[in-house]
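Okay, here's what each chain looks like letter by letter:
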Amino acid sequence: MATERTLSIIKPDATKRNLTGIINSKFEAAGLRIVAQKRIQMTKAQAGVFYAVHKERPFFDELTTFMTSEPVVVQVLEGEDAILKNREVMGATNPAEAADGTIRKEFALSLGENSVHGSDAPETAAVEIAYFFSGLELVG
Ligand code: ATP
Ligand code: MG
């Protein structure tokens with residue numbers, strides 16, 4: 001086991017419904033520390049760069065429109081195996097397939113409006129953290 005950092009985003013459907021605190025409490029209960037956090041509203045261009053891996057997918061425009069529709073909370077979570085642990089706390093992409101007790105099972109509205117984003121590998125975590133935060137903002 002290794003201490004890792006992962007990039008998390010509390011998405012517009014969740015910030016809009018005032019779920020930031022209850023979602024953060026689930027991260028903390030799982031042993032993930034919030035070592036950086038800020039509330040921002042992305043432009044379409046910024047969201048497009050963040051989700052560039054999905055550029056050719058049919059849902060790309062829907063995804064970037066949604067991610068810019070309201071503020072989001074971007075954050076860095078730190079802990080043992082943080083990348084995988086966060087994905088477990090989040091639950092499956094589609095809330096209909098998410099396990100009981102996961103964030104997406106409890107709060108997601110649909111496959112698109114699924115409340116949280118989490119990095120999926122160490123390489124993507126490093127790139128995604130650097131996209132939103134400078135080293136000075138990461139206070140472990
Ligand atoms: P995320 O990257 O947000 O953590 P994920 O890794 O579980 O989610 P991805 O396959 O990377 O899932 O998809 C990125 C996001 O795009 C999903 O979380 C969801 O919001 C949206 N999305 C994925 N598939 C669809 C779809 N078929 N229709 C609409 N939106 C979708
Ligand atoms: Mg993903």
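The structure under discussion appears in the preceding block.
We now turn to the structure provided with this report.

Here is what the cut-offs are and how they apply
- Residues numbered from 1 in each chain as written.
- Chains lettered and ligands numbered in written order.
- Predicted model: local features only at pLDDT ≥ 70, side-chain atom pairs only at ≥ 80, totals over all residues.
- Heavy atoms only, no water.
- Helix = DSSP H or I, 4+ residues; strand = E, 2+ residues; numbered from the N terminus.
- Buried < 20%, exposed > 50% of the residue type's maximum accessible area, 1.4 Å probe, protein only.
- Contact = heavy atoms within 4.5 Å.
- Areas by Shrake-Rupley, 256 points an atom, 1.4 Å probe, with all protein chains shown as cover.
- Lys, Arg positive; Asp, Glu negative; His and termini not counted.
- Charge placed at Lys NZ, Arg CZ, Asp CG, Glu CD.
- Phe/Tyr/Trp six-rings, centres within 6.5 Å; stacked < 30°, edge-to-face > 60°.
- Lys NZ or Arg CZ within 6 Å of the ring centre and 35° of its normal.
- Pairing = 2+ DSSP bridges.

## Comments concerning the overall build of the protein
Link 1 in the chain: Helix and strand counts for the protein stand at seven helices and four strands.
Link 2 in the chain: By its C-alpha atoms, the protein is 35 × 35 × 25 Å across when sized along the principal axes.
Link 3 in the chain: When each of the 140 residues of the protein is scored for burial, the buried share is 46%.
Link 4 in the chain: Partitioning the intrachain contacts of the protein with sequence separation of at least 6 by distance along the chain shows that 77% fall at a separation of at least 24.
Link 5 in the chain: By element, 54% of the accessible surface of the protein is carried by carbon and sulfur atoms, the whole surface being about 7200 Å².
Link 6 in the chain: Looking at the protein, you have 15 positive and 19 negative side-chain charges, and the mean spots of the two groups are 4 Å apart.

## What about the environment of Arg87?
Link 1 in the chain: The residue Arg87 is located in helix H5 (residues 82-90) in this model.
Link 2 in the chain: According to the relative accessible area criterion, Arg87 is partly exposed, its value standing at 34%.
Link 3 in the chain: Counting along the chain gives 17 residues from Arg87 to Glu70, while the straight-line C-alpha distance between them is 23 Å.
Link 4 in the chain: If we skip the residues at most four places from it in the chain, Arg87 touches Gly118, Ser119 and Asp120.

## Regarding the packing of aromatic side chains
Link 1 in the chain: On inspection of all chains with the given rule, the structure shows four aromatic pairs.
Link 2 in the chain: Taking 4.9 Å as the distance between ring centres and 80° as the angle between the ring planes, the aromatic pair formed by Phe50 and Tyr51 counts as edge-to-face.
Link 3 in the chain: The aromatic ring of Phe133 is capped on one face by Lys38, whose charged end is 4.6 Å from the ring centroid.

## Re the pairing of strand S3 (residues 72-80)
Regular strands show a simple pattern: their side chains alternate between the two faces of the sheet.
Link 1 in the chain: Across the nine residues of S3, eight count as buried, placing the element largely inside the fold.
Link 2 in the chain: In the sheet, strand S1 (residues 3-10) pairs with S3 via eight bridges, with the strands oriented antiparallel. Bridging across to S3, Thr3 finds its partner in Glu80.

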